[in-house]
Amino acid sequence: MSTLLHIDSSPLYGRSVSRQLTGAFVDQWKSLHLDGTVIDRDLNATAIAPITAEWVGAAYTPEEARTPQQKGLLAVSDVLLTELDRADEYVIGVPMHNFGVPSVLKLWIDQIARVGRTFTYGSGIPKGLLTGKKTTFIIATGGIYDAQTRMSSFNFVEPYLRSVFGFLGVTDATFLTAGGTAALNQGLDRDAFLAPHLQVVQSHAQTV
Ligand SMILES: Cc1cc2nc3c(=O)[nH]c(=O)nc-3n(C[C@H](O)[C@H](O)[C@H](O)COP(=O)(O)O)c2cc1C
């Protein structure tokens, strides 16, 4: 029985393109994994505090030596890490905000990038511990940042996610991008815009 971790990070809910596309991925995945389990993690409905010096101190204290207070500081991180461990694959919806990832997604990444849990420097070189987790990133951007376009160097979403998840051991990553959603605010028909992206997402979901 496989488990899918479904993460969303758009604050726009019903109007969100990335949420609609991750939803389509999940529906397709469920139809192919009838006994599968989906864990939903909505980052816009999850309270995650920025990391503090005390949090870093707790993370770097060996587990058996942590005080009850330090354990409390890591409680949210522990829950989020358990979800990552339990799932066999991940689908992550990412709206571009100010050329990067939304702040709620960055807060989540800061909680799950944890020494000894998702990465280690044990042998002197960094080693990611989130191995064997097939991951699909579904990105929505107002503008268009395809390679060779004038704006491509402004896209810090895909390169950042590739780097940080690669560092954590996620090497089997697929990036599907719906670029140019700004046209929806200028009258472009939503169904017409979404149709080709839904098709790409649904056919990709059949391969994972
Ligand atoms: C706070 C905010 C910042 C944004 N910054 C950018 C940006 O830097 N570049 C861009 O192309 N679009 C930007 N957009 C537009 C979003 O990327 C676009 O609306 C996309 O569809 C968001 O994904 P969603 O529909 O899943 O929320 C921004 C939107 C918001 C709300």
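Let us look at the structure shown here. The model shown is predicted, which means the values in this text are computed figures rather than measured ones.

This part covers the packing of aromatic side chains. If you walk through the whole model with that rule in mind, you get eight aromatic pairs. An aromatic cluster of at least three residues, connected via ring pairs, comprises Trp-108, Phe-137, Phe-165 and Phe-175.

Further remarks concern the site of the ligand. Ser-10, Ser-16, Ser-18, Tyr-145 and Thr-181 are the nearest of the 16 residues found near the ligand. A distance of 2.8 Å separates an oxygen atom of the ligand from a polar backbone atom of Phe-99. Between the ligand and Gly-143 there is a distance of 2.8 Å, counted from an oxygen atom to a backbone nitrogen or oxygen. For the ligand, the protein covers 74% of the area, taking 620 Å² as the surface of the free molecule. Along the lines of polarity and charge, the residues of the shell around the ligand split into seven nonpolar, nine polar and no charged.

Glancing now at unusual backbone geometry. Here Asn-98, not a glycine, exhibits a phi torsion of approximately 50 degrees, which is positive. Mapped onto the elements, Asn-98 comes out in the loop between β3 (89–95) and α5 (103–112).

Turning to the pairing of β3, a few remarks are in order. In terms of burial, β3 is largely enclosed, as seven of its seven residues are buried. Burial along β3 is two-sided: the face carrying Glu-89, Val-91, Gly-93 and Pro-95 and the face carrying Tyr-90, Ile-92 and Val-94 are both buried. As paired strands, strand β1 (residues 3–8) and β3 are joined by four bridges and run parallel to one another. Bridging across to β3, His-6 finds its partner in Val-91.

Now for helix α7 (residues 190–205). Taking 1.5 Å as the rise per residue, α7 with 16 residues should run 22 Å; its terminal C-alpha atoms sit 22 Å apart, in good agreement. The sharpest bend along α7 reaches about 30 degrees and sits at Pro-196. Considered for burial, the residues of α7 that qualify are Phe-193, Leu-194, His-197, Val-201, His-204 and Ala-205. On its buried face, α7 sits against α1 (17–32), β6 (134–141) and β7 (173–179). Its side-chain oxygen at 3.4 Å from the backbone nitrogen of Asp-191, Asp-189 defines the N-terminal cap of α7.

There is a patch of nonpolar side chains on the surface, built from Ile-51, Val-56 and Tyr-60 and spanning about 280 Å² of accessible area. As for its placement among the helices and strands, Ile-51 is situated in the loop between β2 (37–42) and α2 (53–59).

A separate point is the pattern of salt bridges. Two side chains that carry opposite charge are able to pair once their charged atoms sit near each other. For the structure on display, the rule yields seven salt bridges. Arg-19 is the salt-bridge partner of Asp-8, the closest N and O atoms lying 3.9 Å from each other. Of this pair, Asp-8 sits in strand β1 while Arg-19 sits in helix α1, placing them eleven residues apart in sequence. As far as the burial class goes, Asp-8 and Arg-19 line up, both buried. Among the ionic pairs, Arg-41 bridges to Glu-83, the shortest N-O distance being 2.7 Å. Of the two residues, Arg-41 sits in strand β2 while Glu-83 sits in helix α4 (residues 75–86), which places them 42 residues apart along the sequence. The same class applies to Arg-41 as to Glu-83, namely buried.

Taken together, the buried positions of α5 are Leu-105, Trp-108, Ile-109, Gln-111 and Ile-112. Each buried residue of α5 lies within a common arc of 160 degrees when the element is viewed along its axis, so the set occupies one face. Buried residues along α5 sit against β1, α2, α4, β3 and α6 (157–167).

Rules used throughout
- Residues numbered from 1 in each chain as written.
- Predicted model: local features only at pLDDT ≥ 70, side-chain atom pairs only at ≥ 80, totals over all residues.
- Heavy atoms only, no water.
- Phe/Tyr/Trp six-rings, centres within 6.5 Å; stacked < 30°, edge-to-face > 60°.
- Near = heavy atom within 4 Å.
- Polar contact = N/O pair within 3.5 Å; in protein donor to acceptor, adjacent residues only side chain to side chain.
- Areas by Shrake-Rupley, 256 points an atom, 1.4 Å probe, with all protein chains shown as cover.
- Nonpolar A, V, L, I, M, F, W, Y, C, P; charged D, E, K, R; others polar.
- Helix = DSSP H or I, 4+ residues; strand = E, 2+ residues; numbered from the N terminus.
- Buried < 20%, exposed > 50% of the residue type's maximum accessible area, 1.4 Å probe, protein only.
- Pairing = 2+ DSSP bridges.
- Expected span 1.5 Å × (residues − 1).
- Bend = angle between axes of the 7 residues up to and from the residue.
- Contact = heavy atoms within 4.5 Å.
- Patch = residues over 30% accessible without salt bridge, like charges linked within 9 Å, V, L, I, M, F, W, Y side chains within 5 Å.
- Salt bridge = Lys/Arg side-chain N within 4 Å of Asp/Glu carboxyl O.
- Arc of directions from axis to C-beta.

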